[in-house]
Amino acid sequence: MCTTPPRSATRRYAADIVALHDRLSYRHLLDHLPHADLLHRAARGDGLVTVASTTEHLPHRYLLGLQGFRLAQYLQLGWACEEALHRSAGFCEPLQWLHADDVHVLTYSSRTGRILGYLSLTTSGAQEPRDLLEPGRPRFPVETAHRVNLFESVAAPAGVRSDEVRELKRFVHSRTLTDRAQRLRVTLELLLGAGQTLVALEPAVRVLVGDVEEKVALRHLLLAGLDVHLIEDTQPWLPDDDLLHLAYTRRGEVKPFVAHVPDRAELEGRVELLEATLASEDLFEATDAFSGAVRGSARRTAA
C-alpha cells in the first residue's frame, strides 16, 4: 500500500528509475522502425520528430523504453506507487498491459534523443468485434477503473462495435519540458500524430474514450475540436497493489469521457489545419485560430 510515506530505500529506487529513463536516447528510433508500417511520421527542421506506430512494429527494447518513459512521468507527478514499483522490482509499466494493435504516438528531439511527449490509442484487447452493450465484452481500462460500461451512459453511433473504439491514454509531456512555446508545439505534434492515425486506421475509429481532469487534459480534447461527453459521479478505484492506483487518489476529480470522432473527410481537414498551425510563425495566435475553427465542446451526463 502507499498510504504511508515510502521508506528511504523505496524513494531511492524510484529516483533511480526516473534517472535511468532520463538518460535513455531515442535519437535513432526511426532507423529501427518499418517506415511502410508507420501510421504517422514527421521530422521538423527544429529537430522534433513525431512517429505513430503499433505495438507490434516497435522493437522490444523501445517498447520497454516507452513504458519506462510513461512510468517515469507518473512517478514524478506522484501518480505511480513507489512501493508497488519497488516491491515488484519493476523499471517500466508492464508490457502485458499492451495489445499488439495499440498505437503509440511520441515526439522526441533528434538532437538530445529525449522523448518530449507521448500518448497512446489503445484497444480493449477483444479478439473479435463485440457489441458495446454486451455484458461480457472486454472492458477498456477506463471502464475497469470507473466500474462502468461507458456506453450505457453515452450511446455510440448506431452500429459501432468495439473495434471502432479507442481509448486515449497517457497524454503526457516530459517533466523536463518547461518552455511554454515548446510544450505547445509538442502538444500540437501529438494531436497531429493522433489525427493522422485516426485517418489511417482500419476499421475507422468512430469513438474515443478515456478519463480526464477537467482543468488539465480536457483542454487538449477541446483544442482538437472534439465534442466531449463527461460522465459524472463515478467512483474510480484500483487495488492498492496496482502500480497506478494513486492516479485516482492524488489527482483532482477524474471523469470518464466519450467523444464521437468526426468522419474521415473532417479529420483530414483538421490534419491540414494542424499542419498549417505548426508552420505558423506565431504559434500561439495560430493555435487560437485553429481552436476557433474546429470548436470543441464539453457536456455532462450522469453515470
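Here the structure is a predicted model, which is why all the values come from computation and not from measurement.

Caption draft 1: Region of the structure containing the overall build of the chain. Across its full length, the chain holds nine helices and nine strands. Taken against the 2.2 N^0.38 rule, which gives 19 Å for 303 residues, the C-alpha radius of gyration of the chain at 19 Å falls within 12% of a compact globule. Projected onto its principal axes, the C-alpha positions of the chain cover 55 × 50 × 35 Å. Out of the 303 residues in the chain, the part that is buried amounts to 53%. For the chain, long-range pairs separated by at least 24 residues make up 78% of all intrachain contacts whose partners lie at least 6 apart in sequence. About 13,900 Å² of surface is accessible on the chain, with carbon and sulfur atoms providing 49% of the total.

Caption draft 2: Here's a closer look at unusual backbone geometry. Geometrically, the link from Glu 202 to Pro 203 is a cis peptide bond, its omega value of -5 degrees lying close to zero. Tracing the backbone through its elements, the reader meets Pro 203 in the loop between helix H6 (180–200) and strand S6 (207–213). At Asp 233, a residue that is not glycine, the phi angle is positive and equals roughly 65 degrees. With respect to the element layout, Asp 233 can be found in the loop between strand S7 (227–232) and strand S8 (254–260).

Caption draft 3: Inspection of the side chain of Thr 197 at higher detail. Take Thr 197: it is sitting in helix H6. Excluding anything up to four places from it in sequence, Thr 197 contacts Leu 39, Ala 52, Val 103, Val 105 and Leu 121.

Caption draft 4: Region of the structure containing the side chain of Arg 185. When you line up the elements, Arg 185 lands in helix H6. Summary of buried charges: Arg 185 has no salt-bridge partner, and the nearest side chain of opposite charge, Asp 46, is 4.0 Å away. Leave out the neighbours within four places in its chain, and Arg 185 touches Asp 46, Leu 48, Leu 278 and Leu 283.

Caption draft 5: Local environment of the packing of aromatic side chains. In the structure shown here, the tally under the stated rule is two aromatic pairs. Note on Tyr 26 and Tyr 62: the rings are 6.0 Å apart at their centroids and 45 degrees apart in plane angle, and the pair reads as tilted. With Tyr 26 in the loop between helix H1 (8–23) and strand S1 (40–43) and Tyr 62 in helix H2 (residues 60–77), this residue pair connects regions lying 36 residues apart in the sequence. As far as burial versus exposure is concerned, Tyr 26 and Tyr 62 are alike and both buried. Between Tyr 74 and Trp 79, the aromatic rings sit 5.3 Å apart at their centres with planes inclined by 90 degrees, giving edge-to-face as the arrangement. Per residue, the accessibility class of Tyr 74 equals that of Trp 79, and both read buried. If you follow Arg 251 out to its NZ or CZ, it ends over the ring of Tyr 248, 5.6 Å from the centre.

So, how was this worked out
Residues numbered from 1 in each chain as written. Predicted model: local features only at pLDDT ≥ 70, side-chain atom pairs only at ≥ 80, totals over all residues. Heavy atoms only, no water. Helix = DSSP H or I, 4+ residues; strand = E, 2+ residues; numbered from the N terminus. Rg over C-alpha atoms; globule rule 2.2 N^0.38 Å. Buried < 20%, exposed > 50% of the residue type's maximum accessible area, 1.4 Å probe, protein only. Contact = heavy atoms within 4.5 Å. Areas by Shrake-Rupley, 256 points an atom, 1.4 Å probe, with all protein chains shown as cover. Lys, Arg positive; Asp, Glu negative; His and termini not counted. Salt bridge = Lys/Arg side-chain N within 4 Å of Asp/Glu carboxyl O. Phe/Tyr/Trp six-rings, centres within 6.5 Å; stacked < 30°, edge-to-face > 60°. Lys NZ or Arg CZ within 6 Å of the ring centre and 35° of its normal.

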